[in-house]
Amino acid sequence: MQITIGLSLRVLVNAEALNMAEAVGNYTRHRKAPVVVSTGTGYSVVYVPAVSGESIAHHYQLILAQIAKSRNLPVTSADLEGYFIKFADEKSIKTLYPELEELNNKLDGLNPDGLESAFLKASVVADVGGFLYLGEKSKIIKRTSAIRFSYMLPTLDAIEQGGVALIPQLHTRYAPPELMKDYQMPFYVESGSALYTLTAELIATDIAKQYYSKQIDNELSKQKIERVKAAIDALIALTDGLMLGAKRSRYNPLWKVKSAVVTLSRGPVEFVPSSGISRTYIAETYNRALQLTHIIEDEAVNIFVYNDENLEEPEIKNEHKRVTYEKAATHTEALAKARDKAVKILEALPK
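The following refers to the structure shown.

About the thresholds
- Residues numbered from 1 in each chain as written.
- Predicted model: local features only at pLDDT ≥ 70, side-chain atom pairs only at ≥ 80, totals over all residues.
- Heavy atoms only, no water.
- Salt bridge = Lys/Arg side-chain N within 4 Å of Asp/Glu carboxyl O.
- Helix = DSSP H or I, 4+ residues; strand = E, 2+ residues; numbered from the N terminus.
- Buried < 20%, exposed > 50% of the residue type's maximum accessible area, 1.4 Å probe, protein only.
- Core = buried A, V, L, I, M, F, W, Y, C linked by side-chain atoms within 4.5 Å.
- Contact = heavy atoms within 4.5 Å.
- Axes fitted to C-alpha atoms, helices over the stretch in contact; angles between N-to-C directions.
- Parallel < 35°, antiparallel > 145°, perpendicular 65-115°, else oblique.
- Nonpolar A, V, L, I, M, F, W, Y, C, P; charged D, E, K, R; others polar.

## Brief notes about the pattern of salt bridges
Okay, so step 1: Applying the stated criterion across every chain, the model contains 19 salt bridges.
Okay, so step 2: We note a salt bridge from R143 to D127, for which the minimum N-O separation is 2.8 Å. With R143 in strand β7 (residues 140-143) and D127 in helix α5 (residues 124-129), this pair connects stretches of sequence that are 16 residues apart. Per residue, the accessibility class of R143 equals that of D127, and both read buried.
Okay, so step 3: The closest approach of N and O atoms between D127 and R227, which form a salt bridge, is 2.8 Å. Here D127, found in helix α5, pairs with R227, found in helix α8 (residues 218-240); they are 100 residues apart in sequence, far enough to count as distant. You'll find D127 and R227 in the same group, each marked buried.
Okay, so step 4: Each of R10, D157, R279 and E309 takes part in a single network of salt bridges with overlapping partners.

## Digging into the nonpolar core
Okay, so step 1: Y60, F119, V128, F149, M152 and L202 are the most contacted members of the largest nonpolar core, which has 76 residues in total.
Okay, so step 2: With residues near it in sequence (within four places) discarded, F149 still touches G53, I56, A57, Y60, T199, A200, L235 and L238.
Okay, so step 3: Residues I296, V305, V323 and Y325 belong to the second largest nonpolar core, which totals 15 residues.

## Considerations on the packing of α8 against helix α11 (residues 331-348)
Okay, so step 1: Close contact between α8 and α11 brings their axes to 10 Å; oriented N to C, the two are set at 170 degrees. In terms of their interaxial angle, α8 and α11 are classed as roughly antiparallel. Across the interface between the two elements, K224, I225, V228, K229, I232, D233, L235, I236, T239 and D240 from α8 touch H331, T332, L335, A336, R339, A342, V343, L346 and E347 from α11.
Okay, so step 2: Considered class by class, the residues forming the contact of α8 with α11 number 10 nonpolar, three polar and six charged.

## Things to note about unusual backbone geometry
Okay, so step 1: With a phi close to 60 degrees, F87 is a non-glycine residue in the positive phi region.
Okay, so step 2: One non-glycine residue, A208, lies in positive phi territory at about 65 degrees.
Okay, so step 3: When you line up the elements, A208 lands in the loop between β11 (186-203) and α8.

Right, dumping it as structure tokens:
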């Protein structure tokens, strides 16, 4: 059985420089991405401001490292410093990970299951965020991330109604008159504003799970619930305060989450909410859950919704026991409700 927490939200962000892609001279560009929109008679491509999933994942892992340390869960010094090399090869292990000093002389002799176990016990971040170890003699250990993020992109309705802007802002570094020629320089930073959407997915049952060994590790098994709590709490913290992106010291954006859908699914397949790129995503998520649980009879989905923009909501069918629908006062409360239910389900599973 897979236990999955899914999140889709729509957030209004003004005057942001969260993800810059390049600098040309004194001009710093915002990351852009192509989006396909309907023209009524066909489709066209527009380029809009974007925040990459890689950028979002970096901040998520940094928050996760801080939470793990505060709860006495294993985390490396590199994780806490924001260097997510995550045991890439023997050189990085010897250089960046003093926590694995005892392992350095044993790397050649350990099997993949031994290395995987050592890496998981050293870092919750590597456990949740995945890693790829490329050792000598073609010894490769790959762990797919349990947390997944989309790009943060403007919604289709914002694009179609002109609710997306990207404009350079002029700044000047001040210097006294005697140094003005050399030090007082103008520079430009592209600033974006839009109603953005973001989708995330956390496979809770993949946390503390070993793929290269058939034997259950007692240490990892005992920490599983606490690791899952930390992973979900890091996602809550990330979205609660929009704790992501760059240039926050001078370009801290003005933002407000307008709506969110959080899903908790359990069964043989993953279920994630529909993307908030459409205004109908709340109703679509509920209707999809009904259809999926009708097809897969041992699948169940709990849906938690925050709606502060008067979006279409579904007609609830109370007779369907394996799909529930519950409203929340904030997007944070929606995630907290899913967290509490996920933990109860995990605690009830046979050890």
